[in-house]
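The residues making up each chain are set out below.
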Amino acid sequence: LVGDPLEAASGVADSVFETQELSQRRSTRLDIPGFYGREDVGVAPNGAFVALRQFVGRSRVYVAMAVVANARRPLGAAEHFMGSIELDESDAILPFGAPGELEAIYLPEADFTVRMPALTHRRTVDVRVGEHTRSAWVFESRGDDVRYRVRVIAFPEGVPPGSLAEVREGLSLGDGRGPVHASGFGGRAFTRSSDSTRVDARAYVTAHRVYVVEAARRRGDRAHRAEVTEFFSSFRIL
């Protein structure tokens, strides 16, 4: 693929919806291991329900479309069709599966890159920040002895003052360890420990997001010390 595949996927959806004069449009991100996925749904002038799903891989963009009557059984058939799609893992844009050596992972939708083992979990969750519930993307590699995680918390209206302290409390990041920087964005380092586990974290603030980068391992672990250091030092905000 040449250029930004996420912009291309957005362009395809815009073209379909404009050409077919669809209304009541709704766009959502799909959590598909290894692939960037998005779904756009809307209603045609004749009342038909239209669903468009796209999956961006390493060398292909997969496009699936369903146009059905806006009734329970046809809608169920469309959902079954979409849910039956299986993608070739060899075309995955992101490494996923059993974690191994550190690999370069680039998340253009979330504007960051980092070196970490293959992803074992990728999901969208709600997190409590202060008095508000925020949407967060979670990218995680979980092995037997160490867990790497990047959480991207969205603030569409802009990150207000004091949000870093609220994120620290809401996610129980632990004790502050001083200022840190990534790609010119400031943040704070944190650590917390239990009888068996130590968790190191870095939280960075941009105009509309807070990035929380974490590594959890057994207390006293020395085998992964260099790996954890490389994980933190490789994080870049784009």
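See the structure shown above.
To start, this report covers the structure provided alongside it.

### Description of the sheet that holds strand β5 (residues 103-107)
Now for step 1: Taken in spatial order, the three strands line up as β5-β6-β14 in an open sheet, and their pairing is antiparallel. One side of each edge strand has no neighbouring strand; the edge strands of this open sheet are β5 and β14 (236-237).
Now for step 2: By the bridge criterion, five bridges tie β5 to strand β6 (residues 112-116) in an arrangement that is antiparallel. Residue pairing for β6: Y106 is matched across the bridge by T113.
Now for step 3: Lying on the sheet, helix α4 (residues 225-234) is in contact with β6 and β14; it crosses β6 at an angle near 170°.

### Some words on the sheet that holds strand β3 (residues 49-56)
Now for step 1: The strand order β1-β2-β3-β4 describes an open sheet built from four strands, whose pairing is antiparallel. Either end of the sheet is taken by a strand with one partner, and the two such strands are β1 (23-32) and β4 (61-68). The sheet shows a mean angle of 15° between the axes of neighbouring strands, direction not considered.
Now for step 2: Where strand β2 (residues 35-43) meets β3, eight bridges bridge the pair, whose relative direction is antiparallel. When the bridges of β3 are listed, G37 appears paired with F55.
Now for step 3: Sitting on the sheet, helix α2 (residues 72-83) is in contact with β3 and β4, with an inclination near 170° to β4.

### Considering the side chain of R151
Now for step 1: Along the chain, R151 turns up in strand β9 (residues 146-154).
Now for step 2: A polar contact of 2.6 Å, which involves the side chain of R151, links it to the side chain of E214.
Now for step 3: Once you skip the residues sitting within four places of it in the chain, R151 turns out to touch W137, V138, L171, L173, V210, Y211, V212 and E214.

### Topic: a nonpolar patch on the surface
Now for step 1: A cluster of nonpolar side chains, V12, V61 and V63, forms an exposed patch at the surface whose accessible area comes to about 200 Å².
Now for step 2: Along the polypeptide, V61 turns up in strand β4.
Now for step 3: V61 sits in the partly exposed class, given a relative accessible area of 34%.

### Some points on the pattern of salt bridges
Now for step 1: Applying the stated criterion across every chain, the model contains 17 salt bridges.
Now for step 2: Where R209 meets D111, a salt bridge forms, and the shortest distance between an N and an O atom there is 2.7 Å. Separated by 98 residues along the polypeptide, R209 in strand β13 (residues 209-218) and D111 in the loop between β5 and β6 bring together distant segments of the chain.
Now for step 3: Residue D111 is classed as partly exposed on the basis of its relative accessible area, which comes to 30%.
Now for step 4: The partner of R218 in a salt bridge is D145, and the shortest N-O contact between them spans 3.1 Å. On the criterion of sequence distance, the pair formed by R218 in strand β13 and D145 in the loop between β8 (132-142) and β9 is long-range, its members being 73 residues apart.
Now for step 5: A relative accessible area of 52% places R218 in the exposed class.
Now for step 6: Among the residues examined, D145 registers a relative accessible area of 34% and is labelled partly exposed.
Now for step 7: Put simply, E140, R142, R149, R151, R192 and E214 are held in one network by salt bridges that share partners.

Rules behind the numbers
Residues numbered from 1 in each chain as written. Predicted model: local features only at pLDDT ≥ 70, side-chain atom pairs only at ≥ 80, totals over all residues. Heavy atoms only, no water. Pairing = 2+ DSSP bridges. Helix = DSSP H or I, 4+ residues; strand = E, 2+ residues; numbered from the N terminus. Contact = heavy atoms within 4.5 Å. Axes fitted to C-alpha atoms, helices over the stretch in contact; angles between N-to-C directions. Polar contact = N/O pair within 3.5 Å; in protein donor to acceptor, adjacent residues only side chain to side chain. Patch = residues over 30% accessible without salt bridge, like charges linked within 9 Å, V, L, I, M, F, W, Y side chains within 5 Å. Areas by Shrake-Rupley, 256 points an atom, 1.4 Å probe, with all protein chains shown as cover. Salt bridge = Lys/Arg side-chain N within 4 Å of Asp/Glu carboxyl O. Buried < 20%, exposed > 50% of the residue type's maximum accessible area, 1.4 Å probe, protein only.

Everything listed is a geometric property; what it means functionally is a separate question.
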